[in-house]
Amino acid sequence: QVQLVESGGGLVQAGGSLRLSCAASGIMFSINVMGWYRQAPGKQRELVAEITSGGSANYADSVKGRFTISRDNAKTTVDLQMNSLKPEDTAVYYCHVEASRFYTYNYWGQGTQVTVSS
C-alpha cells in the first residue's frame, strides 16, 4: 500500500520559517520526481517545488530564494524548507511523487495546512 506521510505544517507569523517533510513508502516503481504542491482557498493547485532523482530542483517563481527542496533517495523522503514566509503562502501543501515502470504513476499525500499570519 502506497503511503505519503506529511508533517511539519502549522501556524507561523510572516517572516517566519517552517519545514515540511514527506516520507513515501510502498512504491514499487522507480521514483523519478518528488515535490510539493499547494492549494489556497478558491485557487487551483500549483507547483511549489520539485526535485528529480538526480538532484535537479525546480521552483515556482513566487518561492525562489525563500524555499529550498531536498531529497533523500535512500529514505524516499522529500523536505521543503520554507523561510521568509508571507501571508500569500497560506495554503494546504501536498506532497507529490512521480514514479514509473512502463507507465507513469502519480501519488499524493493527504495535505498539510500552512497558515502565515500578517
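Trainee: How should the pairing of strand S7 (residues 67–72) be read in this particular structure?
Mentor: For a regular strand, the rule is simple: side chains alternate between the two faces of the sheet. The two faces of S7 differ: Phe67, Ile69 and Arg71 on one face are buried, but Thr68, Ser70 and Asp72 on the other face are not. Both S7 and strand S8 (residues 77–82) contribute to a ladder of six bridges, which runs antiparallel. The residue bridging Ile69 from the neighbouring strand is Leu80, located in S8. In this structure, the hairpin formed by S7 and S8 is closed by a connection of four residues, where Thr76 is found at a positive phi of approximately 50°.

Trainee: Got a minute to help me understand the state of the cysteines in this structure?
Mentor: In the structure shown here, the tally under the stated rule is one disulfide. Disulfide pairing places Cys22 opposite Cys95 at an S-S distance of 2.1 Å. Here Cys22 and Cys95 share a disulfide; its torsion about the S-S bond, -80°, makes the bridge left-handed. One end of the pair, Cys22, is in strand S3 (residues 18–25); the other, Cys95, is in strand S9 (residues 91–101), and 73 residues separate them in sequence. In this structure, Cys22 and Cys95 share a single accessibility class: buried.

Trainee: What exactly am I supposed to notice about the environment of Val48 here?
Mentor: Mapped onto the secondary structure, Val48 falls in strand S5 (residues 46–52). Excluding residues that lie within four positions of it along the chain, Val48 makes contacts with Trp36, Tyr37, Arg38, Asn58, Tyr59, Ala60, Val63, Phe67, Leu80 and Tyr93.

Trainee: Hey, could you run me through the pattern of salt bridges in this one?
Mentor: Side chains that differ in sign of charge can pair as their charged atoms come close. What the rule picks out here adds up to five salt bridges. In this structure, Asp79 engages Arg19 in a salt bridge whose closest nitrogen and oxygen atoms are separated by 3.2 Å. In this pair, Asp79 is assigned in strand S8 and Arg19 in strand S3, connecting sequence segments 60 residues apart. For the salt bridge of Lys64 with Asp61, the shortest nitrogen-to-oxygen distance reads 3.1 Å. A relative accessible area of 66% means that Asp61 is categorised as exposed. Residues joined in a network through salt bridges with shared partners are Arg38, Glu46, Arg66 and Asp89.

Rules used in this analysis
- Residues numbered from 1 in each chain as written.
- Predicted model: local features only at pLDDT ≥ 70, side-chain atom pairs only at ≥ 80, totals over all residues.
- Heavy atoms only, no water.
- Buried < 20%, exposed > 50% of the residue type's maximum accessible area, 1.4 Å probe, protein only.
- Helix = DSSP H or I, 4+ residues; strand = E, 2+ residues; numbered from the N terminus.
- Pairing = 2+ DSSP bridges.
- Disulfide = S-S within 2.5 Å.
- Contact = heavy atoms within 4.5 Å.
- Salt bridge = Lys/Arg side-chain N within 4 Å of Asp/Glu carboxyl O.

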